[in-house]
Amino acid sequence: ILGFSTPPGRLSMMAFILNALTCALGLLYFIRRGKQCLDFTVTVHFFHLLGCWIYNSRFPSTLTWWLVHVVCTALMAAIGEYLCMRIELREIPLNSAPKSNV
């Protein structure tokens, strides 16, 4: 069903890309570490590959399936790492006055 020539194929590919973008936000909220984004992204896509293999009773062999998933993996990892690095590189607020609750 994945392909550029049919509307359902284009819609499916857009759904995969939108899923990669929303999963990148999930990396931001659940992982919060830029170094771990690639690991979790590859793990999620590996489990998806296993699920597709079991569901279809055969290993995915079409070129468009692999291209879409490689692009989605790269998007999810890059955007997730970018978002996590923005959080990690925020300034740490330092107050010059000591806090005392007497």
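An unreviewed UniProt entry annotates the chain as SYS1 protein originating from Erythrocercus mccallii. Quoted straight from UniProt, the Subcellular location (unreviewed entry) entry for the chain says "Golgi apparatus membrane". Under the UniProt heading Sequence similarities (unreviewed entry), the entry covering the chain gives this text: "Belongs to the SYS1 family."

> Please clarify how the UniProt feature "transmembrane region" (unreviewed entry) in the chain should be interpreted in this entry.
UniProt annotation of "transmembrane region" (unreviewed entry) refers to residues 12-31, 38-57 and 63-84 when read in the numbering used here. End-to-end, the C-alpha atoms of residues 38-57 are 28 Å apart, and along that stretch the chain is 95% helix and 0% strand. Within the segment residues 63-84, helix and strand shares are 100% and 0% respectively, and the terminal C-alpha atoms sit 31 Å apart.

Calculation notes
Residues numbered from 1 in each chain as written. Predicted model: local features only at pLDDT ≥ 70, side-chain atom pairs only at ≥ 80, totals over all residues. Heavy atoms only, no water. UniProt positions renumbered as here; feature names shortened; annotations may be inferred. Helix = DSSP H or I, 4+ residues; strand = E, 2+ residues; numbered from the N terminus.

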